[in-house]
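Inside the fold
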Amino acid sequence: YTQVNFQGEHACFTSSNPDLTHSAINKHTASSLKIVGPYLTVLHAWVNYRGPEQVFIRDVPNLATTAVGDNAVSSVQVWRRQDFYLPVVWRKSSR
């Protein structure tokens, strides 16, 4: 969304986009993020998935509170969560 609290113009992404310049919202215009469905999203400040980035698994009403910032997103990576696994490390109990 181009405004905070999920207002303004918006675009839906079901796959990654290395350069938002020609997308429906353009680069450097995103102010909030809504994730619909089982997706994990990485926002990047620069094109081609570079620069400051942050991983999201839930909605963000104001991107100014994130590492990427308001009106700063230039590329986006999108994965379905069931396709993305985080390693789990178990520590043996000392008992």
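Before any of the text, the structure's been laid out above.
Residues numbered from 1 in each chain as written. Predicted model: local features only at pLDDT ≥ 70, side-chain atom pairs only at ≥ 80, totals over all residues. Heavy atoms only, no water.

1. A short note on the nonpolar core
Let me state the cut-off plainly: In this description, a nonpolar core means a group of buried Ala, Val, Leu, Ile, Met, Phe, Trp, Tyr and Cys residues linked to one another through side-chain atoms lying within 4.5 Å. Here the term buried applies to any residue with accessible area under 20% of the maximum for its type, exposed to any over 50%, and partly exposed to those in between, with areas from a 1.4 Å probe on protein chains only. In DSSP terms, a helix is any run of H or I states spanning at least four residues, a strand is any run of E spanning at least two, and both are numbered starting from the N terminus. A contact between two residues is defined here by any heavy atoms of the two lying within 4.5 Å.
In terms of nonpolar packing, the biggest core is built from 16 residues, with Leu33, Leu43, Phe56, Leu63, Val68 and Val73 touching the most fellow members. Mapped onto this core, the elements with two or more residues apiece are strand E1 (39-46) and strand E3 (75-80). With 3 residues, E1 is the single largest residue contributor to this core. When residues no more than four places from it in sequence are discounted, the contact partners of Leu43 are Leu33, Pro52, Glu53, Gln54, Phe56, Leu63, Val68, Val73, Ser75 and Val76.

2. A few points about the pairing of E1
Cut-off, in case you're wondering: Following DSSP output, two strands are said to pair if at least two bridges run between them.
The buried count for E1 comes to 7 of 8 residues, which makes it a mostly enclosed element. As paired elements, E1 and E3 share 6 bridges and run antiparallel to each other. When the sheet's bridge partners are listed, Val42 is paired in E3 with Gln77.

3. Things to note about the sheet that holds E1
Here is the rule: Whenever a helix is involved, its axis is fitted only over the stretch in contact; in every case the axis is a line through C-alpha atoms, and angles between N-to-C directions fall within 0 to 180 degrees.
What the 3 strands build is an open sheet, ordered E2-E1-E3; its pairing is antiparallel. Looking at strand neighbours, the two that pair on one side only are strand E2 (50-56) and E3, the edges of this open sheet. Across the sheet, the axes of successive neighbouring strands diverge by a mean angle of 20°, strand direction being ignored. With 5 bridges connecting them, E1 and E2 associate as antiparallel partners. Across the sheet, the residue bridging to Thr41 is Phe56, located in E2.

4. Notes on the side chain of Ser74
Looking at where Ser74 falls in the secondary structure, it is placed in the loop between E2 and E3. You can call Ser74 buried: its relative accessible area is 1%. Excluding its chain neighbours within four sequence positions, the residues that come into contact with Ser74 are Pro18, Asp19, Leu20, Lys27, His28, His44, Ala45, Trp46 and Val47.

5. Some details on the environment of Asp70
Convention followed: Think of a polar contact as two N or O atoms within 3.5 Å of one another; within protein, one of them needs to be a possible hydrogen donor and the other a possible acceptor, and neighboring residues in sequence only count if both atoms come from side chains.
In this structure, Asp70 sits in the loop between E2 and E3. Distance in space between the C-alpha atoms of Asp70 and Thr2 is 9.3 Å, their sequence separation being 68 residues. In contact with Asp70, other than residues within four places in its own chain, are Ala30, Ser31, Leu63 and Ala64. Of the polar contacts made by the side chain of Asp70, one reaches the side chain of Ser31; its length is 2.6 Å. A polar contact of 3.3 Å, which involves the side chain of Asp70, links it to the side chain of Asn71.

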